[in-house]
Amino acid sequence: MPNSVPPRTSNALHRFVVGLDGEGHWIARDEQGQTGGVFTDRNSVIRFATMESDHQAGAVKFAPASARLSLFN
């Protein structure tokens, strides 16, 4: 069908890394550097990353506990 919208592929999916920064804030950052945010609690960061990735399985991963995330690197 020439007018149909192509299905979203896994290559187009934002894959998020979530974890804590050095001050205890929860960070969500997509691996392509297009979007992210700072959150006060774990549930909020997971909800944001899940919604932004269209609820695709495996699209959200946690950073190791020893890592400290930042939106800027």
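The structure under discussion appears in the preceding block.
For every chain, the first residue of the written sequence is number 1, and numbering continues from 1 along that sequence. Per-residue local features are limited, in this predicted model, to residues with pLDDT of at least 70; the limit for side-chain atom pairs, both in listing and counting, is 80 or more; totals at the level of whole chains, interfaces and linings are taken over all residues. Hydrogens are left out, water is left out, and the side-chain values use all remaining heavy atoms of the structure.

## A short note on the packing of aromatic side chains
Only rings of Phe, Tyr and Trp enter the pairing, Trp through its six-membered ring, and a pair is recorded when the two centres are within 6.5 Å. The plane angle decides the type: under 30 degrees is stacked, over 60 is edge-to-face, the rest tilted. Scanning the entire structure with this criterion turns up two aromatic pairs. Between phenylalanine 16 and phenylalanine 48, the ring centres sit 5.8 Å apart and the planes meet at 80 degrees, which makes this aromatic pair edge-to-face. With phenylalanine 16 in strand E1 (residues 16-20) and phenylalanine 48 in helix H1 (residues 42-52), the pair connects residues that are 32 residues apart, well separated along the chain. Measuring from centroid to centroid gives 5.2 Å for phenylalanine 39 and phenylalanine 48, while their planes differ by 40 degrees, and the two rings are tilted. Through successive ring pairs, a cluster of aromatic residues spans Phe16, Phe39 and Phe48. Numbering of helices and strands runs from the N terminus; a helix is a DSSP stretch of H or I covering at least four residues, while a strand is a stretch of E covering at least two.

## Comments concerning the sheet that holds strand E2 (residues 26-30)
The pairing criterion is simple: DSSP has to find at least two bridges between the two strands. Ordered by their spatial adjacency, four strands build an open sheet running E3-E2-E1-E4, and the pairing between neighbours is mixed. Pairing within the sheet leaves two strands with one partner each, and these edge strands are strand E3 (36-39) and strand E4 (60-62). Neighbour to neighbour, the strand axes of the sheet diverge by 20 degrees on average, direction disregarded. For E1 and E2, the ladder comprises five bridges, and the chain directions are antiparallel. Convention adopted: a line fitted to C-alpha atoms gives each axis, helices being fitted over their contacting stretch, and angles between N-to-C directions are expressed from 0 to 180 degrees.

## Brief notes about a nonpolar patch on the surface
A residue counts toward a patch only above 30% relative accessible area and without a salt bridge, and it is joined to like-charged neighbours within 9 Å or, for Val, Leu, Ile, Met, Phe, Trp and Tyr, to nonpolar neighbours within 5 Å. Here the open area of atoms and residues is found with the Shrake-Rupley method and a 1.4 Å probe, where only the protein chains shown may cover a residue. Any Lys or Arg side-chain nitrogen located within 4 Å of an Asp or Glu carboxyl oxygen qualifies as a salt bridge. Side chains of Val38, Leu71 and Phe72 sit close together on the surface and give an oily, nonpolar patch of about 330 Å² of accessible area. Within the fold, phenylalanine 72 resides in the segment after E4.

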